[in-house]
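# Fold and contact review
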Amino acid sequence: MALIYDQINGEPKTHVLIIGVGGYRYLSGGVEEKEQNYEKIGLLRQLSSPPKSALAFRDHLLEIENDAQKNLIKPLGSIELLISPSPDDPNPGSNDEQFETASFVNISRAYNDWKQRCDTNEDNVAIFFFSGHGVEKKDHYLLAEDFGANSNNPWLMGSFSFNKTRSAFHSCKASTQCFFIDSCRKINAQMLQQDLPDIPLDIPLLTTPDCKHDLTMKAAAHNEAAYGPKKKPSFFTQSIIKALQGYAADKRGAEWVVNTGDIATQIHNILRTVKSTEGYKQRCIYAASDPASLITFSKAPPAHLSVACDPVEATNVSKLICTALEGGTEFTEEPKSDSWKLNMTAGIYKLQTESQSDEFSNGETYALVRAIANEKINCSRNE
């Protein structure tokens, strides 16, 4: 087994399965590269981002578990981790950490064991995370490390049908189920001409109702790609982690809470902040049912605020003064060309501008800053 965190007992827990596939043994550049008969399969490259994404997701869950300021609603019960490193980054972890590989057999075994753990209590939280190559036709196929071992039928014992696997997991008792799929969903001409094998990790039951609290997120829309920097976590993974850090939190009563619905509705706003210098190529797709709380914060979590003057021309000749109404903390930002982009603590703020030009008046507004917020301050032109 590849359990790296094991606190299993009879109480409701959060059980996690994390898969990061960067090294594809039989594809171009792999350690046992084979000539592939399937169109464009040989063009699937080795990936350095998915192992980093898997490790970053693992590390953040462990950080939450050890942070006195925030808590998982259901304490961490288990994490199982499978990673196949890219040949050009053979040690993606720290201290030469060793990993069980993300082969099809290992993924299948790990999935079965994880589902059994999740099935022990209806109040459990089940979290599945996959980062690696994916393609899509009638189903979304996720590719294991040994994809391409059979060059005539690379799908055989080298990939699995995600949509059917997700549907089958609804039979699990865990009432909160979160699936994060960080992969492309491209299709090529040969896939359109052939009937691909249907190989899920689990068999859906026709009579199984959907789980009560479902969040299933994909990093890309149909026939689109997901993106990530080399040897760093992907943009989608960075966005999910920021959501869990509190950028998807909302205040409910006296507490700040991240729930499944908030992650879904905030993901694109968060992705824009992660990729602010990269352009906006990526569209995440999600399915969500009744929201369930995942994390609570004992103090206000981080948030991101974008502020601009109206008219926008006033922004580059005005100072911004932000004052927190709770605690009175104040800070000043110098003029910007288009907007101020601020990472701050969630809360209620007084926002003021001081114009350095006679052309515009000073402005003032109040803002509840939570998650990813946008504000405009009226700075009228002086006659």
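Below: a short report on this structure. All of these numbers come straight from a predicted model, not from anything done at the bench. (Residues numbered from 1 in each chain as written. Predicted model: local features only at pLDDT ≥ 70, side-chain atom pairs only at ≥ 80, totals over all residues. Heavy atoms only, no water.)

## Some remarks on the packing of helix H2 (residues 104-118) against helix H3 (residues 162-169)
At their nearest, the axes of H2 and H3 sit 12 Å apart, and the two run at 25° to each other. One finds that H2 runs roughly parallel with respect to H3. As H2 runs across H3, the sense of the crossing is right-handed. Residue-level inspection shows Tyr 111, Trp 114, Lys 115 and Cys 118 of H2 in contact with H3, the latter providing Thr 165, Ala 168 and Phe 169. Class assignment for the residues of the contact of H2 with H3 results in five nonpolar, one polar and one charged. (Axes fitted to C-alpha atoms, helices over the stretch in contact; angles between N-to-C directions. Helix = DSSP H or I, 4+ residues; strand = E, 2+ residues; numbered from the N terminus. Parallel < 35°, antiparallel > 145°, perpendicular 65-115°, else oblique. Left-handed = near helix turned anticlockwise from the far one by under 90°. Contact = heavy atoms within 4.5 Å. Nonpolar A, V, L, I, M, F, W, Y, C, P; charged D, E, K, R; others polar.)

## Structural notes on the packing of helix H1 (residues 49-65) against helix H5 (residues 235-247)
H5 packs onto H1 with a crossing angle of 5° between their chain directions and a minimal axis gap of 10 Å. As judged from the angle between their axes, H1 and H5 are roughly parallel. Two secondary-structure elements touch here, H1 through Ser 53, Ala 56, Phe 57, His 60 and Ile 64 and H5 through Thr 237, Ile 240, Ile 241, Leu 244 and Gln 245. Looking at the contact of H1 with H5 residue by residue, the class counts come to six nonpolar, four polar and no charged.

## Section: the sheet that holds strand S3 (residues 70-72)
Pairing in this open sheet of four strands is antiparallel, and the strands run S3-S14-S12-S11 from one edge to the other. Lying at the two open borders of the sheet, with one neighbouring strand each, are S3 and strand S11 (250-252). Sheet twist, expressed as the mean angle between neighbouring strand axes with direction ignored, is 35°. Here H5 sits on the sheet in contact with S3, strand S12 (255-259) and strand S14 (293-297), set at roughly 50° to S14. Against the sheet, helix H6 (residues 260-274) touches S11, S12 and S14, its axis set at about 70° to S12. (Pairing = 2+ DSSP bridges.)

## Regarding the nonpolar core
Nonpolar side chains in soluble globular proteins tend to end up buried together. The biggest cluster of nonpolar side chains holds 65 residues, and the ones touching the most others in it are Phe 57, Phe 180, Ile 240, Ile 263 and Leu 351. With residues up to four places along the chain from it excluded, the contact list for Phe 57 reads Val 16, Ile 18, Ile 127, Phe 129, Phe 180, Ile 240, Ile 241 and Leu 244. If you look at the next biggest cluster of nonpolar residues, it comprises 36 residues, including Leu 47, Trp 114, Ala 174 and Ile 181. (Core = buried A, V, L, I, M, F, W, Y, C linked by side-chain atoms within 4.5 Å. Buried < 20%, exposed > 50% of the residue type's maximum accessible area, 1.4 Å probe, protein only.)

## Details of the pattern of salt bridges
In this structure the tally under the stated criterion is 23 salt bridges. Across the pair Arg 58 and Glu 97 runs a salt bridge, and its minimum N-O distance is 3.0 Å. Of this pair, Arg 58 sits in helix H1 while Glu 97 sits in the loop between strand S4 (76-84) and H2; the two residues are 39 residues apart in sequence, bridging distant segments of the chain. Glu 313 is the partner of Arg 381 in a salt bridge, and the nearest nitrogen-oxygen pair spans 3.6 Å. Of this pair, Arg 381 sits in the segment after strand S21 (372-378) while Glu 313 sits in the loop between strand S15 (302-310) and strand S16 (318-324), and the two are 68 residues apart along the sequence. Classification of Arg 381 by relative accessible area gives partly exposed; the value is 41%. (Salt bridge = Lys/Arg side-chain N within 4 Å of Asp/Glu carboxyl O.)

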